[in-house]
Amino acid sequence: MTVMLDLEVPRNGDYSATSQLVDDAGLPIDLTSNTMALDIRRLPGDGGAPVASAAVEIEPGTQGYFTETIKGASLVGVSGQYEVVRLAYDLRRVDSGGLITVERRGIISLVPGVTYGG
């Protein structure tokens, strides 16, 4: 079942979180030989290339952990730099048999930053 989860990403920073996938009984899903991807678009169902993609790293082992990282800098091309901009995303998993599951989807609030630079 797809989980709905909205995220907030700062334009001048990054969003990173480690999560665990579990089955209906609460047991970890073995992600060995699985792939995961997270794409960001202006609107759900928007055709063409995504606005950005996030890095999704599956942790070693069979406990179902993965880490996703959305770089604020990857969204620099999104207009509206002085306002909160809403974008759509989904997180997909392809298991070793080729079954594609949308594990999570939601809205990303891209928020303006105050502090920039090194």
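Keep in mind the model is a prediction, meaning the values are calculated, not measured.

Some remarks on the nonpolar core
Residues Leu38, Ile40, Ile70, Leu75, Leu87 and Ile108 are the most contacted members of the largest nonpolar core, which totals 23 residues. Among the secondary structure elements, those contributing two or more residues to this core are strand 2 (7-10), strand 3 (14-20), strand 4 (35-41), strand 5 (52-58), strand 6 (65-71), strand 7 (85-94) and strand 8 (100-111). Residue contributions to this core peak at four residues, all from strand 7. Residues within four places of Ile70 in sequence aside, it is in contact with Leu7, Val9, Asp14, Tyr15, Leu38, Ile40, Ala54, Leu75 and Ile108.

Here we look at the layout of surface pockets
Its volume calculated, the largest pocket comes out at about 320 Å³. What lines the largest pocket is a set of 15 residues, among which Met1, Val3, Leu21, Val22 and Glu103 lie closest to the centre. Secondary-structure elements contributing two or more residues to the lining of the largest pocket are strand 3, strand 7 and strand 8. Among the elements that take part in the lining of the largest pocket, strand 8 stands out by supplying three residues, more than any other. Of the residues that constitute the lining of the largest pocket, the class distribution is seven nonpolar, three polar and five charged. Put simply, the second largest pocket is a space of about 210 Å³. As for the second largest pocket, its lining consists of 14 residues, and the residues nearest its centre are Pro44, Ala88, Tyr89, Asp90 and Arg105. Breaking the lining of the second largest pocket down by element, the ones donating at least two residues are strand 4, strand 7 and strand 8. In terms of residues, the lining of the second largest pocket owes the most to one element, strand 7, which gives four residues. Of the residues contributing to the lining of the second largest pocket, the split by class is seven nonpolar, two polar and five charged.

A short note on the side chain of Glu103
Here Glu103 shows up in strand 8. On the accessibility criterion, Glu103 (11% relative accessible area) is buried. Apart from residues lying up to four places away in sequence, Glu103 is in contact with Met1, Thr2, Val3, Leu21, Leu91 and Arg93.

Cut-offs used in this document
- Sequence order as written defines residue numbering, which begins from 1 separately in each chain.
- Residues qualify for local features only when their pLDDT is at least 70, as the model is predicted, and side-chain atom pairs are given and counted only at 80 or more; totals for whole chains, interfaces and linings, by contrast, use all residues.
- Working from all heavy atoms in the structure, the side-chain values ignore hydrogens and water.
- Working definition of a nonpolar core: buried Ala, Val, Leu, Ile, Met, Phe, Trp, Tyr and Cys residues. They are joined through side-chain atoms within 4.5 Å.
- Categorising residues by exposure relies on relative accessible area from a 1.4 Å probe, with only protein chains included: less than 20% of the type maximum marks a residue as buried, more than 50% marks it as exposed, and the intermediate range marks it as partly exposed.
- Per the convention used, a helix needs a DSSP run of H or I reaching at least four residues, while a strand needs a run of E reaching at least two, with both numbered from the N terminus.
- Contacts are residue-level and defined by heavy atoms, with any inter-residue pair within 4.5 Å sufficient.
- Cavity and pocket criteria rest on a 1 Å grid covering protein atoms alone: a 1.4 Å probe that fits but cannot get out defines a cavity, protein on both sides within 12 Å along at least 5 of 7 lines defines an open pocket, and an atom within 4 Å of a point defines a lining residue.
- Grid points are joined across faces, edges and corners, and a volume is the space filled by probe spheres set on the points.
- Charged residues are taken to be Asp, Glu, Lys and Arg, nonpolar residues to be Ala, Val, Leu, Ile, Met, Phe, Trp, Tyr, Cys and Pro, and polar residues to be all remaining types, Gly included.

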